[in-house]
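What the coordinates show
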Amino acid sequence: MPDYKRIEPYDGAAGGWGALVSTTRALLNSRRPLANIRNLLKVNQAKGFDCPGCAWGDAAGHSVNFCENGAKAVAWEATASQVRADFFRRHKVSALRRQSDYFLEYQGRIAEPLSYNPATDEYEHISWQDAFELIGEKVRALSSPDELLLYTSGRASNEVAYLYQLFGRFYGTNNFPDCSNMCHEASGVGLSQSIGVGKGTVTLDDFEQADAIFVFGQNPGTNHPRMLHTLGQAAKKGAAIVSINNLKERGLERFDNPQDPRHMLTRSTSSISSLYLCPKLGGDMALVRGMVKQLWDWQQQGRPVFDRDFIDRHTQGLDGYLGLVEQTGWAEIEAQSGLSRSQITEAAAVFAGAKRVICTWAMGITQHRHSLATVQEIVNLQLLAGHIGRPGAGLSPVRGHSNVQGNRTVGINELPSDDFLDRLESHFERPMPRKHGLNTVESIAAMEQGTARAFIALGGNFAAAAPDSGRTQTALSNCELTVHISTKLNRSHLWPGKAGLILPCLGRTEQDLQNGTPQYITVEDSFSMVHASQGMTAPNSPEQRSEVAIVAGIAAAVLGEEELPWTVLAGDYGRIRELIGQTIPGFEDMNTRLDTPGGFYLDNSAARREWRTPSGKANFFAHPLPTQLLPLEFEGRPVHTLQTLRAHDQYNTTIYGLDDRYRGVYGQRMVLFINREDLVVLGMEAGQKVTLQSVWTDNRERKVAGFTLVPYDIPRGNLAAYYPETNPLVPLDSIGEGTGTPTSKAIGVVLIPERDSRIL
Ligand SMILES: Nc1nc2c(c(=O)[nH]1)N[C@H]1C(S)=C(S)[C@@H](COP(=O)(O)OP(=O)(O)OC[C@H]3O[C@@H](n4cnc5c(=O)[nH]c(N)nc54)[C@H](O)[C@@H]3O)O[C@H]1N2
Ligand SMILES: Nc1nc2c(c(=O)[nH]1)N[C@H]1C(S)=C(S)[C@@H](COP(=O)(O)OP(=O)(O)OC[C@H]3O[C@@H](n4cnc5c(=O)[nH]c(N)nc54)[C@H](O)[C@@H]3O)O[C@H]1N2
Ligand SMILES: [Mo]
């Protein structure tokens with residue numbers, strides 16, 4: 001028997017029997033297997049709950065609509081284990097800091113409200129009423145509303161997110177840092193500037209009609225497994241799938257659908273990608289620039305690849321952009337992308353040969369310094385051939401958290417538009433704060449400096465998900481008050497402020513009764529479809545409350561109920577939906593429209609070729625390619641670029657298990673993927689252990705130890721390791737230009753060998 005902790009290349013397809021075995025294991029390990037199987041039958045069905053796994057859309061009429069990783073997310077929530085005050089008598093908070101994220105979340109659901117006692121270094125039971133009173137007292141004592149930070153993680157429903165932003169704005173602040181600031185911010189900002197709407201322009205149906213789909217910087221086999229089904233179908237119909245990824249990801253190569261018996265019995269694996277390009281980290285913008293350069297050459301040679309009619313009627317800025325394309329030389333394009341001119345020409349040929357092209361992307365595009373420019377470069381490419389607002393074509397930033405897109409739509413935004421605030425003001429007949437709020441990175445700096453002093457988190461795991469972990473954790477403990485509305489114990493709870501509360505909430509799969517009536521909530525997927533979601537399982541503890549009830553309790557304690565009857569609203573979520581309908585365009589009459597199976601579609605102006613930009617047109621943006629910022633050497637060692645990414649058995653900071661099956665990693669997470677030739681140059685060997693040290697412009701030392709070197713098919717000079725273990729390496733001010741997003745896919749590091757550390 002090989003050691004469980006091992007590296008063993010995976011030669012199967014993604015999905016298939018491996019996924020079924022893993023799903024079954026996740027269900028049996030949850031200690032509530034029956035409830036879970038019943039739950040799975042309700043995932044993404046008309047009368048069920050929306051899968052908390054990801055924001056991919058649901059195929060109508062599909063009887064089973066879950067995937068291996070969605071099953072893990074469901075099973076993880078439905079555990080019978082509980083964390084109560086007695087747990088902290090056995091585990092002091094400071095001792096828990098030495099435990100892994102896996103250990104923390106494995107302890108079960110938070111089963112009662114808890115309050116930190118610095119004298120004993122334990123969380124103790126507190127009643128709901130005392131918890132709300134404490135929050136009311138501390139928040140009212142702040143010297144300015146802008147000392148309050150209201151963080152949101154994208155699993156929150158539209159109803160709770162709307163109530164939460166109302167609370168913040170009635171209190172007087174736009175400080176709504178959220179997970180989106182670390183995620184798809186570049187997509188939102190970039191698309192808004194280019195096409196006047198900060199969302200994707202396609203629906204699931206478009207994938208059926210596309211002739212070519214370009215998948216940039218995304219690992220759907222792990223993070224959006226239902227997308228593989230869509231890509232597999234498209235490939236079968238003859239669409240060209242072009243994958244552009246720093247790594248060869250198995251899911252983008254081959255896929256067996258575990259929900260299709262024929263696939264499983266005949267093992268008729270679908271090949272996904274017809275072309276697979278592996279650019280250097282951050283090289284996508286140069287690749288797209290090269291594609292456009294080639295297309296422009298063809299166009300000039302008389303091969304019509306541009307859609308002149310579309311360009312004339314709908315766009316502006318083409319000449320300036322093409323001028324820049326002409327100035328960008330092939331040598332620069334090849335060096336920066338790490339791809340040859342012939343590879344780039346091949347991609348351009350697929351593009352030119354297709355009538356309907358979709359471009360999708362995720363974190364490989366959005367977590368760089370030049371992400372905004374890269375998103376706009378992809379838009380430029382699509383505009384050239386009119387691939388926006390045509391059936392089977394468009395832009396598709398594939399969102400992360402299951403309702404992160406909805407959260408933004410209903411007002412979780414530190415930079416709300418004037419139009420949005422005007423609507424709130426006229427409906428509620430009171431002024432709304434106009435000063436821009438703080439994003440995630442700015443919030444950390446503000447807590448560090450003491451200009452923000454109270455932090456409330458509606459879900460998520462701020463201390464682990466945010467960059468520069470050490471600084472973030474100290475910043476949190478600087479606060480007068482920290483409040484975490486959570487399902488499970490996590491690292492953020494271990495860094496309480498002077499007063500620190502954990503408030504236990506219901507999850508997506510659980511029955512939510514208010515005044516004896518079951519409630520449902522709504523979410524919006526990546527394709528702007530809004531639909532209802534209703535949990536059925538009995539809650540794990542009677543002391544857990546719904547997120548809506550908790551936020552209403554906080555708002556009532558801070559603001560009172562005279563101006564807005566928070567607790568009455570929370571008694572019937574239909575009332576909150578009425579307010580959403582009255583204040584946010586597209587949601588009119590939503591209580592009735594939700595009856596349509598599959599929900600309703602939120603209008604997308606760009607998909608109708610209406611451009612809500614200042615110019616009234618879709619804009620070509622002409623950004624120069626980024627310049628190299630990292631030094632080539634640091635203290636005599638070569639500087640490598642590290643990307644931090646997800647393994648197959650994790651959901652962001654929630655670690656389900658220690659395997660990354662498709663990448664051949666088992667029983668461990670502290671691995672560092674490296675090019676074989678780089679190993680030789682460094683004089684290091686597979687299996688050796690190294691410490692990673694960041695290279696940055698300040699003098700702070702950022703190091704993480706204990707990474708095992710794993711040779712991998714990855715471009716020279718690039719490295720990959722898992723998040724959140726690597727977050728201490730991400731410098732707080734290493735952020736995207738115009739987005740503030742931590743550059744989690746481009747961190748300069750050096751490798752320091754650890755002595756006597758051979759393990760294999
Ligand atoms: N099971 C599961 N599902 C999830 C999540 C999860 O953790 N687990 N997280 C959810 C969330 S919040 C999000 S945002 C999404 C994340 O979904 P992804 O964006 O797929 O997540 P990452 O693991 O960060 O993967 C980034 C991918 O981009 C590639 N890449 C990195 N840098 C570059 C680059 O510079 N260029 C190119 N071309 N490729 C690059 C990496 O090799 C990797 O394949 O998934 C969501 N769904
Ligand atoms: N280095 C690096 N850092 C990254 C990234 C990266 O790729 N690399 N990715 C970034 C991205 S894309 C994102 S989106 C962020 C994610 O950042 P977050 O959204 O803050 O983190 P999660 O790990 O998704 O949060 C998990 C916690 O949410 C709580 N939770 C789960 N379900 C519920 C629920 O239904 N209600 C409530 N109230 N709480 C719940 C649980 O307590 C759990 O511990 O991380 C970012 N950080
Ligand atoms: Mo995300």
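Thresholds applied
- Residues numbered from 1 in each chain as written.
- Chains lettered and ligands numbered in written order.
- Predicted model: local features only at pLDDT ≥ 70, side-chain atom pairs only at ≥ 80, totals over all residues.
- Heavy atoms only, no water.
- UniProt positions renumbered as here; feature names shortened; annotations may be inferred.
- Domains from an automatic or database assignment.
- Buried area = accessible area lost by both parts, 1.4 Å probe.
- Polar contact = N/O pair within 3.5 Å; in protein donor to acceptor, adjacent residues only side chain to side chain.
- Helix = DSSP H or I, 4+ residues; strand = E, 2+ residues; numbered from the N terminus.
- Nonpolar A, V, L, I, M, F, W, Y, C, P; charged D, E, K, R; others polar.
- Near = heavy atom within 4 Å.
- Areas by Shrake-Rupley, 256 points an atom, 1.4 Å probe, with all protein chains shown as cover.
- Pairing = 2+ DSSP bridges.
- Axes fitted to C-alpha atoms, helices over the stretch in contact; angles between N-to-C directions.
- Contact = heavy atoms within 4.5 Å.
- Buried < 20%, exposed > 50% of the residue type's maximum accessible area, 1.4 Å probe, protein only.
- Expected span 1.5 Å × (residues − 1).
- Phe/Tyr/Trp six-rings, centres within 6.5 Å; stacked < 30°, edge-to-face > 60°.
- Lys NZ or Arg CZ within 6 Å of the ring centre and 35° of its normal.
- Core = buried A, V, L, I, M, F, W, Y, C linked by side-chain atoms within 4.5 Å.
- Salt bridge = Lys/Arg side-chain N within 4 Å of Asp/Glu carboxyl O.

If you check an unreviewed UniProt entry, the protein chain appears there as FdhF/YdeP family oxidoreductase from Zobellella aerophila. For the protein chain, the Sequence similarities (unreviewed entry) comment in UniProt is given as "Belongs to the prokaryotic molybdopterin-containing oxidoreductase family."

Before going further, it helps to spend a moment on the domain arrangement of the protein chain. Interfaces are frequently sized by the accessible area removed from exposure as the parts join. Annotation of the protein chain at the domain level lists domain 1 (6-77), domain 2 (82-173 + 413-505 + 544-588), domain 3 (185-398) and domain 4 (633-753). The largest per-residue losses of area from domain 1 upon contact with domain 4 belong to Arg6, Ile7 and Tyr10, which jointly make up 39% of the total buried on that side. Where domain 1 touches domain 4, the interface holds three residue pairs in polar contact (both at pLDDT 80 or more). Broken down by secondary-structure element, the contributors of at least two residues to the side of domain 1 that touches domain 4 are strand E1 (6-7), strand E2 (14-15), helix H1 (16-29) and helix H3 (68-77). Looking at the side of domain 1 that touches domain 4, the element that brings in the most residues is H3, giving five residues. Within the side of domain 1 that touches domain 4, the residues separate by chemical class into nine nonpolar, five polar and four charged.

If you check the shell around ligand 1, you find 32 residues, and the closest are Asn245, Glu249, Asp284, Gln650 and Asn652. Arg646 is positioned with one of its side-chain polar atoms (N or O) 2.8 Å from an oxygen atom of ligand 1. For ligand 1, an oxygen atom lies 2.7 Å from a polar atom in the backbone of Asn652. When isolated, ligand 1 has an accessible area of 920 Å², and the protein chains bury 99% of it. Taken together, the elements giving at least two residues each to the shell around ligand 1 come down to helix H11 (220-223), helix H20 (363-366), strand E27 (640-645) and strand E28 (650-651).

Below, the discussion takes up the sheet that holds strand E9 (residues 240-244). Here we have five strands laid out as an open sheet, ordered E12-E9-E8-E14-E15, and parallel in their pairing. Each edge of the open sheet is held by one strand with a lone partner, namely strand E12 (275-277) and strand E15 (394-397). Sheet twist, expressed as the average angle between the axes of neighbouring strands with direction ignored, equals 15°. Bridge count between strand E14 (residues 357-361) and E15: four bridges; the pairing is parallel. The residue of E15 that forms the bridge with Ile358 is Gly394. Helix H19 (residues 341-353) rests against strand E8 (212-216), E9, E12 and E14 of the sheet, and its axis sits at about 135° to E12.

A large share of E14 lies buried, amounting to five of its five residues. Across the two faces of E14 the burial is the same, with Val357, Cys359 and Trp361 and Ile358 and Thr360 all buried. Relative to E14, E8 runs parallel, the two sharing five bridges. Pairing of Ile213 across the sheet is with Ile358, part of E14.

Let's shift gears to the side chain of Ser533. For Ser533, the location among the structural elements is in strand E22 (residues 529-533). Every residue in contact with Ser533, bar those within four places of it in the chain, is listed here: Gly48, Phe49, Asp50, Arg508, Tyr520 and Ile521.

A separate point is helix H21 (residues 371-384). The α-helix advances 3.6 residues per turn, and as a result positions three or four apart in sequence lie on the same side. Look at H21: 20 Å from first C-alpha to last across 14 residues, which is about the 20 Å you get at 1.5 Å a residue. Of the residues trailing H21, Gly386 is marked for its positive phi of about 65°.

So, about the site of ligand 2. As a structural note, the neighbourhood of ligand 2 is formed by 31 residues, with Glu105, Tyr151, Ser153, Glu547 and Thr653 the closest of them. Within the contact set of ligand 2, a nitrogen atom lies 2.9 Å away from a backbone nitrogen or oxygen of Ile485. Counted by class, the shell around ligand 2 contains ten nonpolar, 15 polar and six charged residues. Looking at which domains feed residues into the shell around ligand 2, each of domain 2 (82-173 + 413-505 + 544-588) and domain 4 (633-753) gives three or more.

Attention shifts here to helix H12 (residues 225-236). An ideal rise of 1.5 Å per residue puts 16 Å on twelve residues; H12 measures up with 17 Å between its terminal C-alpha atoms. In terms of burial, H12 is largely enclosed, as nine of its twelve residues are buried. Pro225, Arg226, Met227, Leu228, Thr230, Leu231, Gly232, Ala234 and Ala235 are the residues of H12 that are buried. After H12 finishes, the residue Gly238 shows a positive phi value of roughly 105°.

Looking now at the packing of aromatic side chains. Within a pair of aromatic rings, the relevant descriptors are the distance that separates the centres and the angle that separates the planes. For the coordinates displayed, the defined rule picks out 24 aromatic pairs. Plain terms: the ring middles of Trp296 and Phe306 are 5.7 Å apart, the flat faces sit at 15° to each other, and that makes the pair stacked. Of this pair, Trp296 sits in helix H15 (residues 284-300) while Phe306 sits in the loop between H15 and helix H16 (308-314), and the two are ten residues apart along the sequence. Accessibility classification places Trp296 together with Phe306 in one group, the buried group. Centre to centre, the rings of Phe587 and Phe600 are 6.2 Å apart; their planes meet at 85°, and the pair counts as edge-to-face. Linking Phe587 in the loop between helix H29 (573-583) and helix H30 (590-593) with Phe600 in strand E23 (residues 600-601), this pair joins segments that are 13 residues apart in sequence. Residue Phe600 is classed as buried on the basis of its relative accessible area of 6%. The structure contains a cluster of three or more aromatic residues connected by ring pairs, namely Trp76, Tyr102, Tyr106 and Tyr656. The ring of Tyr276 is capped by Lys248, whose NZ or CZ atom sits 5.6 Å from the centre of that ring.

Moving on: unusual backbone geometry. With omega at 10°, the peptide bond leading from Tyr723 into Pro724 counts as cis. Inspection of the secondary structure puts Pro724 in the loop between strand E34 (718-722) and strand E35 (747-753). With a phi angle near 65°, Ser528 is a residue other than glycine that sits in the positive phi range. Relative to the assigned elements, Ser528 resides in the loop between strand E21 (521-524) and E22. With phi around 50°, Glu635 is a residue other than glycine that occupies positive phi space. Mapped onto the fold, Glu635 is located in the loop between strand E25 (633-634) and strand E26 (637-638). Take Glu635: its relative accessible area is 65%, and that puts it in the exposed class.

Residues Ile135, Tyr162, Leu503, Ile554 and Trp566 are the most contacted members of the largest nonpolar core, which totals 62 residues. The element contributing the most residues to this core is helix H8 (residues 158-171), with nine residues. Setting aside anything within four residues of it in sequence, one finds Tyr162 in contact with Val410, Leu424, Phe428, Ile576, Leu579, Ile580, Thr583 and Ile584. Judged by nonpolar contacts, the second largest core, of 52 residues, contains Ala186, Phe214, Phe216 and Phe351.

Moving on: the sheet that holds E35. Spatial strand order, E27-E34-E31-E33-E32-E35: six strands in a closed barrel with mixed pairing. Direction aside, neighbouring strands of the sheet carry axes that sit 45° apart on average. By the bridge criterion, four bridges tie strand E32 (residues 689-694) to strand E33 (residues 703-711) in an arrangement that is antiparallel. The residue bridging Lys689 from the neighbouring strand is Thr708, located in E33.

Under the definition given, this model contains 42 salt bridges. Measuring nitrogen to oxygen at the nearest pair gives 3.3 Å for the salt bridge that ties Glu112 to Arg84. Note that Glu112 is positioned in the loop between strand E4 (109-110) and strand E5 (114-117) and Arg84 in the loop between strand E3 (82-83) and helix H4 (85-90), a separation of 28 residues in sequence. For Glu112, a relative accessible area of 9% corresponds to the buried category. With relative accessibility at 26%, the residue Arg84 sits in the partly exposed group. Of the charged contacts in the structure, one is a salt bridge between Glu185 and Arg408, with a shortest N-O distance of 3.1 Å.

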